[in-house]
Amino acid sequence: MSTSKLQVLLVDDHAVVRGGLRLILDQTDDMEVASEAEDAEQAILMIRQSEFDVALVDIGLPGKGGLDLLKQIKTERPKLAVLMLSMYAEEVYAVRALKAGASGYLTKNSPPSTLLAAIRKVASGGKHVSPALLERLAVEVGRGRKSDSEALSDREIEVLRRIASGESLNQIAEALYLSPKTVTTYRARIVEKTGLHSNAELTRYALEKGMLS
């Protein structure tokens, strides 16, 4: 690359969040925000047009979510380090992100020093995993079976999160570019896998799993 600074792509639908991240990175001597995107479509266009060292991707993007974007990035730019940012607990999303090719997972309440250290680590080819997540991964390897939340697909998790947030099936369909019938099918699969039937039960489950901010 033509500059010695790490080139970082920010992908988050909230301008305030992007501004805060830019402020943190601008205070360093070894990295800078090269571009910003507010959704997955913009992000894909940018990685096709420019080279980056690290992409910071919000997992809760509207439309095509962060996990879907991650998978597409790893298909088109497999060497690009992707650090997932989330307001949600690690329990449900972190393992999924790592399995999909993320170089790390960071919650948005992490201190700036942790964020900067994570960016440097993944840019050098490493992985950023919190001690709590590392312990969870070790437990899962020893357990050898999936929990009920892990049995849900990435799309089912996203539909469940939106149901728990109070969105109607039509609203979910519009946000995810799906038909209402398809969303209904996803809900049926969620009910079958979790054994929960009412939206109140699904909401309580999502809260217990840290799927809501």
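Quantities reported herein were computed from a predicted structural model and do not represent experimental measurements.

**Overview of the UniProt feature "modified residue: 4-aspartylphosphate" (unreviewed entry) in the protein chain**
Taking the numbering used here, the UniProt-annotated feature "modified residue: 4-aspartylphosphate" (unreviewed entry) corresponds to Asp58. Take Asp58: it is sitting in strand β3 (residues 54-58). Under the relative-accessibility criterion, Asp58 is labelled buried at 3%. Discounting residues that sit within four places of it in the chain, Asp58 has contacts with Val11, Asp12, Asp13, Gly66, Leu85, Ser86 and Lys108.

**Some words on unusual backbone geometry**
Comment: phi is negative for the bulk of residues other than glycine, and the bulk of peptide bonds are trans. Positive phi, normally seen in glycine, also occurs at Tyr177, with a value near 60°. Note that Tyr177 resides in the loop between α9 (169-175) and α10 (180-194).

**Brief notes about empty space enclosed by the protein**
Over the atoms rolls a probe the size of a water molecule, and its path tells where empty space is left. As enumerated under the stated definition, the model contains 1 cavity of 30 Å³ or more in all. The computed volume of the largest cavity comes to approximately 140 Å³. Along the walls of the largest cavity sit 13 residues, with Ile59, Gly65, Leu67, Asp154 and Glu158 positioned nearest its centre. For the lining of the largest cavity, the secondary-structure elements that each account for two or more residues are α3 (66-76) and α8 (154-164). Among the elements that line the lining of the largest cavity, the one with the most residues is α8, at 5 residues. Among the residues making up the lining of the largest cavity, the classes are represented as 5 nonpolar, 3 polar and 5 charged.

Cut-offs and rules
- Residues numbered from 1 in each chain as written.
- Predicted model: local features only at pLDDT ≥ 70, side-chain atom pairs only at ≥ 80, totals over all residues.
- Heavy atoms only, no water.
- UniProt positions renumbered as here; feature names shortened; annotations may be inferred.
- Helix = DSSP H or I, 4+ residues; strand = E, 2+ residues; numbered from the N terminus.
- Buried < 20%, exposed > 50% of the residue type's maximum accessible area, 1.4 Å probe, protein only.
- Contact = heavy atoms within 4.5 Å.
- 1 Å grid on protein atoms, 1.4 Å probe; cavity = no way out; pocket = protein on both sides within 12 Å on 5 of 7 lines; lining within 4 Å.
- Points joined across faces, edges and corners; volume = space filled by probe spheres on them.
- Nonpolar A, V, L, I, M, F, W, Y, C, P; charged D, E, K, R; others polar.

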